[in-house]
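Spelled out from the first residue to the last, the chains are:
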Amino acid sequence: MGWQTAAPCCGAILTNAAAIRNAGPPRESRALRHAPCTNGGAAGMGESQGREDAHLDMEGRMNNLLAMLAANADNGRMILRVVTGIIMFLAGYTKVFVWGLGNVQNAFANMGILLPQVAGPFVALLELIAGLMLVAGLFTRHVAVLFFIQFIVATYVVWASKGFVAARLEIILLVVFLMLATNGSGPLSIDRNIRKRD
């Protein structure tokens, strides 16, 4: 009788143990395990929002800068004209008053330029006088065309003898004078004042 009474009890114990094992961990622990980490999620969302705001702020500043530059395109052209004019004036001054026209003729002859006795003094005086005209904005388009022709020749001579690397300055000035010839002098120029009177 004793073992028959104990058998149902053991069976009940085993059944309860199996039920507990199959049920898994308590509901509370499972809920905690599967619940999202709200603090970490909020921090991640905050960082993402911060990066997006910083990107939009940088984009807005860049757009403002580009708009400001576009609004001052005329002033940029004026600065380019004045600086280029000063460079050409100084180049002409060096040829005329430092090297001397005789040395300029010899240098042109050594470079193989035709009629160096004419081309040398012409280029030196062109740079000296027309450089000042560029600074003042007087007959800017006409002067720029003359310089453009000069630097077509200069680019060819330098590139043919020394290669592209040596001709980079000539190419840059060639493009600058093409831009001035096609776009004009910009503000703070005698040309613009003359047009206003007309």
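Residues numbered from 1 in each chain as written. Predicted model: local features only at pLDDT ≥ 70, side-chain atom pairs only at ≥ 80, totals over all residues. Heavy atoms only, no water.

## Side note on the overall build of the protein
Part 1: A tally of regular secondary structure across the protein gives 9 helices and 0 strands.
Part 2: Mapped from its N terminus to its C terminus, the protein presents α and β elements in the order α-α-α-α-α-α-α-α-α.
Part 3: For the protein, buried positions account for 24% of its 198 residues.
Part 4: For the protein, the proportion of contacts with a sequence separation of at least 24, taken over those separated by at least 6, is 66%.
Part 5: Surface exposure of the protein reaches about 13,700 Å², of which carbon and sulfur atoms provide 69%. (Helix = DSSP H or I, 4+ residues; strand = E, 2+ residues; numbered from the N terminus. Buried < 20%, exposed > 50% of the residue type's maximum accessible area, 1.4 Å probe, protein only. Contact = heavy atoms within 4.5 Å. Areas by Shrake-Rupley, 256 points an atom, 1.4 Å probe, with all protein chains shown as cover.)

## A look at the nonpolar core
Part 1: In terms of nonpolar packing, the biggest core is built from 14 residues, with L134, F147, F151, F177 and L180 touching the most fellow members.
Part 2: Counting residues per element, the ones that place at least two in this core are α6 (116-136), α7 (140-162) and α8 (168-183).
Part 3: Element by element, the count of residues in this core is highest for α8, at 6 residues.
Part 4: Residue contacts for F177: discarding those within four places in its chain leaves T84, M88, L134, A144, F147, F148 and F151. (Core = buried A, V, L, I, M, F, W, Y, C linked by side-chain atoms within 4.5 Å.)

## Focus: the side chain of T155
Part 1: Along the polypeptide, T155 turns up in helix α7.
Part 2: Apart from the residues within four sequence positions on either side, T155 is in contact with A167, E170, I171 and L174.

## A closer look at the packing of aromatic side chains
Part 1: Counted according to the given criterion, the structure contains 5 aromatic pairs.
Part 2: When the ring of F89 is compared with that of Y93, the centres are 6.3 Å apart and the planes differ by 40°; the resulting orientation is tilted. Placement of both F89 and Y93 in helix α4 (residues 73-99) is noted, with a separation of 4 residues, approximately one turn of the helix.
Part 3: For Y93, a relative accessible area of 38% puts it in the partly exposed group.
Part 4: Taking 5.4 Å as the distance between ring centres and 55° as the angle between the ring planes, the aromatic pair formed by W159 and F164 counts as tilted.
Part 5: On the accessibility criterion, W159 (45% relative accessible area) is partly exposed.
Part 6: Taken together through their ring pairs, the aromatic side chains of F89, Y93 and F97 make up a single cluster. (Phe/Tyr/Trp six-rings, centres within 6.5 Å; stacked < 30°, edge-to-face > 60°.)

## Structural notes on the confidence of the model for the protein
Part 1: Of the residues in the protein, 76% reach a pLDDT of 70 or more, and the chain-wide mean stands at 82.
Part 2: At the low end of the mean pLDDT range in the protein sits helix α2 (residues 27-34), at 43; at the high end sits α6, at 97.
Part 3: Low pLDDT, under 50, characterises residues 24-38; the stretch is placed with 3 contacts to residues that sit more than four places away or in other chains. (pLDDT = per-residue confidence, 0-100.)

## Concerning the pattern of salt bridges
Side chains that differ in charge, positive against negative, can pair when their charged atoms come close.
Part 1: One pass over the structure, following the stated rule, counts 4 salt bridges.
Part 2: Between D57 and R61 there is a salt bridge, with its nearest N and O atoms 3.4 Å apart. Taken as a pair, D57 and R61 lie in helix α3 (residues 38-71) at a separation of 4 residues, close to a single helical turn.
Part 3: Overall, the relative accessible area of 58% leaves R61 in the exposed class.
Part 4: Measuring nitrogen to oxygen at the nearest pair gives 2.9 Å for the salt bridge that ties K95 to E127. With K95 in helix α4 and E127 in helix α6, this pair connects stretches of sequence that are 32 residues apart. In this pair, the class of K95 matches that of E127, namely buried. (Salt bridge = Lys/Arg side-chain N within 4 Å of Asp/Glu carboxyl O.)

## Quick look at the environment of V153
Part 1: Along the chain, V153 falls in helix α7.
Part 2: Along the backbone, V153 and L174 are 21 residues apart, and their C-alpha atoms lie at a distance of 9.9 Å.

## Focus: α8
Part 1: For α8, spanning 16 residues, the distance from its first C-alpha to its last is 23 Å, which sits close to the expected 22 Å at 1.5 Å a residue.
Part 2: Among the residues of α8, those classed as buried are E170, L173, L174, V176, F177, L180 and A181. End-on view of α8: buried residues confined to an arc of 170°, all on one side of the axis. Of the exposed residues in α8, the ones pointing more than 90 degrees away from its buried face are I172, V175 and T182.
Part 3: In this structure, the buried side of α8 is in contact with α4, α6 and α7. (Expected span 1.5 Å × (residues − 1). Arc of directions from axis to C-beta.)

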